[in-house]
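Next come the chains, spelled out residue by residue.
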Amino acid sequence: MSFNPLSFLFGDANSDQVVPPKGNAAWLTGFASAAMAFIAVFALTLSLAVGRLADYWSLDLARTATVQIVAEGESLQAQSEAALRVLRTTPGVERADIIDKSAQVALLEPWLGRNLPIDSLPIPQMIDVRLGPDGVDVESLKLRLQAEAPDASFDDHSTWRAPVLAASQRLRIMVALSLMLTGIITVIIVVLSAHNALASNQNIIRTLRLLGARDSYIAGAFVRRITMRATLGAVLGMALAMVAVVSFPAQPEANGLLSGMSLSGIDWLYPIFVPILVGISAFAASRLAARYHLHSVT
Amino acid sequence: MISLKNAGFSYGSRAILKDVDQELAAGSFHFLTGPSGAGKTTLLKMCYLSLMPDSGTLEVLGQDVTKLSREQITQMRRRIGVVHQDCQFLNHLTIRQNIALPLLVAGKNIEDNMDNLEDLLSWVDMAHRADAYPEEISGGERQRLALARAVIMDPDMIVADEPTGNVDWEMGQRLLTLLVELNKMGKTILLATHDLNLIRSIKGRVPASVLRLKAGQLSLAGAQL
């Protein structure tokens, strides 16, 4: 006799026939699973976006710094050149470049609009610094800059990066909790719909027992039906959520969290686990509910 | 086949059956009669293992039913055909599927039993309605369908609870004829009815006895028919 894992899990495949195809629980299970899968895929996408953003803030931004020189005229020119010299001769600095006027205008344009009279504004000279993976000795760099360019200040972004990073980590935890709650609610809905299905089919259960059906057979029939409904609902919810994610308007990189609201590469595989997990949860929850229900009904 | 010794059953404080002693031999035909509320259905439920006696012993098919496991009870139920007054069909299945239901739940291959299934449909004169649904057929047809479903597993015993209660005289006679045929094939028949004309009509067809249930006591009523 060959071992059939599906029969082991669900019992006799023909048992499905004994469960009425329609009922109050039928649409409830499918719809609730679809809704939960949709929310789960969205939360998953958000979690991945937050993760990417946190990585960006903790890794990429940690290797950048800015030097700002507030001076005018020839002093500005001289201090800029001195600062660049200091930076380019500091161990741990990979690259240091002046941010030219046109780049500064581009940075300010979203805030101050086009046709910016940049020459009339007291805009400091900025130097974009790229650090090596081992970082630099910040204190000695600051001392050297102070000596060579007294109006220069070094900013490694740590003052604003730390709280933002902490917030992103907290957001990540909240998204994970949301995913967990979504799973718990799905299980509760499946358990309730299993009880509902069993309670509204008492006559069928009584008849099947009188005809010699084992409780495992009856449970298997209901579990199979509920698991299929929940899984199909979750597949539909996942598909709709993925369409929604794909159609999310493209955002420039600078938009942070919003720019990460997409799936790429291996990320596309993660949503597939949502209906699989819903199916496994529905199977376990409905099986438990059915066994409990049948055991309590003599 | 069935042996009741001092068997009793109560619903709460209300005693339905008291110290019932009775032996039903294999292959015999029995009518069970008595006033409404006398406990006929309760006694039948005990015979098809839907209820267990509160006191005394009940043996069905040679087994003390109070000592059976759940699995053994399931196996025993497959050897007892039951016909209810309200039939209890699965309305989303066709008549053919309803008759095949005992085979399905027992894990038997329906294709292997198709000839038997078609013979049964013809036997109860339902072949032309095989693809109809239970809600589409008459009361008499429902009873014949219930009888066909009760015998498809080739049971040792048929227990019928007022099968002619909702049908006319002619249909009642057709059902009784089918039960007589089954009895002649060696099946034990226990038929609950309050229809004395139905009981009288069996005279001369098969040996049958009448069990009367009154005030919780079961007694043999009158001579063998």
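Residues numbered from 1 in each chain as written. Chains lettered and ligands numbered in written order. Predicted model: local features only at pLDDT ≥ 70, side-chain atom pairs only at ≥ 80, totals over all residues.

We now examine the overall build of chain A. Within chain A, the secondary structure is distributed over nine helices and four strands. For chain A, the N- to C-terminal ordering of α and β elements is α-α-β-α-β-α-β-α-β-α-α-α-α. (Helix = DSSP H or I, 4+ residues; strand = E, 2+ residues; numbered from the N terminus.)

Residue and element names in this part refer to chain B. Parsing chain B into structural domains produces domain 1 (1-79 + 156-225) and domain 2 (89-154). Centre-to-centre separation of domain 1 and domain 2, based on C-alpha positions: 23 Å. Each side of the interface is counted separately: domain 1 has nine residues, and domain 2 has 11 residues. The leading source of residues in the side of domain 1 that touches domain 2 is helix H6 (residues 169-184), at four residues. Across the side of domain 1 that touches domain 2, the residue classes tally to seven nonpolar, one polar and one charged. (Domains from an automatic or database assignment. Contact = placed C-beta atoms within 7 Å. Nonpolar A, V, L, I, M, F, W, Y, C, P; charged D, E, K, R; others polar.)

Packed helices, taken two at a time, are described by the angle between their axes plus the distance between the axes. Residues and elements named next belong to chain A. Between helix H6 (residues 158-199) and helix H8 (residues 215-246), whose axes approach to 11 Å, the crossing angle comes to 135°. It follows that H6 is oblique to H8 by the angle criterion. Crossing of H6 over H8 shows right-handed handedness. Residues Val-190, Ser-193, Ala-194, Ala-197 and Leu-198 of H6 form the contact with H8, whose own contacting residues are Phe-222, Ile-226 and Ala-230. When the residues that make up the contact of H6 with H8 are grouped by side-chain class, the tally is seven nonpolar, one polar and no charged. (Axes fitted to C-alpha atoms, helices over the stretch in contact; angles between N-to-C directions. Parallel < 35°, antiparallel > 145°, perpendicular 65-115°, else oblique. Left-handed = near helix turned anticlockwise from the far one by under 90°.)

What follows concerns the pairing of strand E4 (residues 55-60) of chain B. Residue and element names in this part refer to chain B. Here strand E1 (residues 2-11) pairs with E4 via five bridges, running antiparallel. Residue pairing across strands places Ser-3 opposite Glu-59, the latter belonging to E4. Taken together, the two bridges between E4 and strand E5 (residues 63-64) define a ladder with antiparallel strand orientation. Within E5, the residue paired with Val-60 across the bridge is Gln-63. Between E4 and E5, which pair antiparallel in sequence order, lie two residues; one of them, Leu-61, sits at a positive phi of approximately 50°. (Pairing = 2+ DSSP bridges.)

With that settled, consider the sheet that holds strand E3 (residues 125-131) of chain A. Residue and element names in this part refer to chain A. Within the open sheet, the four strands sit side by side as E2-E3-E1-E4. Their pairing is antiparallel. The open sheet is flanked by strand E2 (93-98) and strand E4 (152-155), the only strands paired with a single partner. With strand direction ignored, the average angle separating the axes of adjacent strands in the sheet is 20°. Where E2 and E3 come together, five bridges link them in antiparallel fashion. What sits directly across from Ala-96, in E3, is Val-129. Across the face of the sheet, helix H3 (residues 73-88) comes into contact with strand E1 (64-69), E2, E3 and E4 while running at roughly 165° to E2.

On to the environment of Leu-53 of chain A, then. Residues and elements named next belong to chain A. Topologically, Leu-53 is positioned in helix H2 (residues 24-60). Classification of Leu-53 as buried rests on a count of 20 C-beta atoms within 10 Å. With 112 residues separating them in the primary sequence, Leu-53 and Leu-165 have C-alpha atoms 8.8 Å apart. (Buried ≥ 20, exposed ≤ 12 C-beta atoms within 10 Å, placed from the backbone.)

On to the interface of chain B and chain A, then. Every contact between the two is made by 17 residues of chain B and, on the other side, 16 residues of chain A. Elements that contribute at least two residues to the side of chain B that touches chain A include exactly helix H2 (70-77) and helix H3 (95-105) of chain B. In terms of residue count, the dominant contributor to the side of chain B that touches chain A is H3 of chain B (five residues). Across the side of chain B that touches chain A, the residue classes break down as nine nonpolar, six polar and two charged.

Quick look at the nonpolar core now. In terms of nonpolar packing, the biggest core is built from 114 residues, with Ala-37, Ala-194 and Phe-222 of chain A together with Ala-148, Ile-158 and Val-159 of chain B touching the most fellow members. In terms of residue count, the dominant contributor to this core is H2 of chain A (15 residues). If you look at the next biggest cluster of nonpolar residues, it comprises 14 residues, including Val-67, Val-86, Val-129 and Ala-152 of chain A. (Core = buried A, V, L, I, M, F, W, Y, C linked by C-beta atoms within 7 Å.)

Residue and element names in this part refer to chain B. The six strands are arranged E6-E7-E8-E3-E9-E10 in an open sheet whose pairing can be described as mixed. Unpaired on one side and paired on the other, strand E6 (80-83) and strand E10 (217-220) mark the two borders of the sheet. Going across the sheet, the axis of each strand differs from the next one's by a mean of 20°, ignoring polarity. One ladder, built from four bridges, connects strand E3 (residues 29-33) with strand E8 (residues 188-192); its direction is parallel. By the bridge assignment, Phe-31 is partnered in E8 with Leu-191. The strands touched by H6 within the sheet are E3, strand E7 (157-161) and E8, with E8 carrying the most contacts at an inclination of about 150°.

Residues spaced three or four apart along an α-helix face the same direction, because each turn holds 3.6 residues. Spanning 24 residues, helix H9 (residues 273-296) of chain A covers 34 Å between terminal C-alpha atoms, matching the ideal 34 Å at 1.5 Å per step. Where H9 of chain A is concerned, the buried positions are Val-274, Pro-275, Val-278, Ser-281, Ala-282, Phe-283, Ala-285, Ser-286, Arg-287, Ala-289, Ala-290 and His-293 of chain A. (Expected span 1.5 Å × (residues − 1).)

Turning our attention to the domain arrangement of chain A. What the domain assignment reports for chain A is domain 1 (8-58 + 162-296) and domain 2 (71-150). The distance between the C-alpha centroids of domain 1 of chain A and domain 2 of chain A comes to 52 Å.

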